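Structural description and commentary
Letter by letter, the chains look like this.
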Amino acid sequence: MIVLLPPSETKSDGGEDSPLDLTRLSLPELNPLRQKLADALVELADDVPGSRAALGLGPTQDDEIERNASLFTSPTAPALSRYTGVLYDALDAKSFTKAGRARAAARLWIGSALFGVVRAYDPIPTYRLSGGSKIPGFGTLRSHWKPELTDAVVSAADGVVVDLRSGTYQQLGPIPGAITATVLTEKPDGSRSVVSHFNKHHKGLLARALTLTTAEPKDVKGLARVASKAGLRVEVASSTELIVVTE
């Protein structure tokens, strides 16, 4: 089983590992495109106004541009501790036991606009590049990653793929047959709606349950059983969609 997480715009600083070395990342067949994008980001960092426009940044966010300028010289950290935010708070990887970390290493992958996808403990630097960004002269990121990313993940996947990425990142590399999760908030009158904050939080809880279980779910019903045992309220919508209901 693979659980494919979304990245986050917020990232931790620093790190204790050596600078970026693409040969240490999973799915090495993606390295030529990773190198091309990384070089372009470093070059773009020399143009502050251009970086702001391309990355959707304001004048108070020039530190993000500085991060890109140092892409090949700054320290790296495991991807699972590099990405931060609501989903990663709920995942709470810091609390994993040794066995939990081993399962995370085997099961957790994280989508990335810069790297395509990385595994939980791949060493990466802090950076700024979103799935919807458009680097001058490159066109859309989707046009570059698709179908390379799809082919790489499908070739490496062994068993069911649970795709918890947001729509933008799913479009960079769609995974045929992947199981998705929809988080719905149920109101007192029984009506349901999608709420962004709860979406990220409950996807983090679902990812945690799927990471730490000793079970090996083979289909959406198996995923539902694991989620239910972890205290989540879930429903099977179809063979490729699990609904998580919150109040």
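Structure report, in brief. The structure presented is a predicted model; accordingly, all values stated were derived computationally and were not measured. (Residues numbered from 1 in each chain as written. Predicted model: local features only at pLDDT ≥ 70, side-chain atom pairs only at ≥ 80, totals over all residues. Heavy atoms only, no water.)

**With respect to the overall build of the protein**
What the protein contains, in helices and strands, is 11 helices and 10 strands. Principal axes of the C-alpha set define a box for the protein whose edges measure 50 × 40 × 35 Å. Here the protein, with 247 residues, has 50% of them falling under the buried criterion. Long-range contacts, defined as pairs at least 24 residues apart, comprise 70% of the intrachain contacts of the protein with a sequence gap of at least 6. Working note: accessible area of the protein is about 11200 Å², and carbon and sulfur atoms make up 52% of it. (Helix = DSSP H or I, 4+ residues; strand = E, 2+ residues; numbered from the N terminus. Buried < 20%, exposed > 50% of the residue type's maximum accessible area, 1.4 Å probe, protein only. Contact = heavy atoms within 4.5 Å. Areas by Shrake-Rupley, 256 points an atom, 1.4 Å probe, with all protein chains shown as cover.)

**Considering unusual backbone geometry**
Residue Lys 146 is joined to Pro 147 through a cis peptide bond whose omega torsion reads 10°. Take Pro 147: it is sitting in the loop between α7 (141-145) and α8 (148-156). You will see that Asp 92, though not glycine, has its phi angle at about 55°, which is positive. Counting through the fold element by element, Asp 92 comes out in the loop between α5 (86-91) and α6 (98-107).

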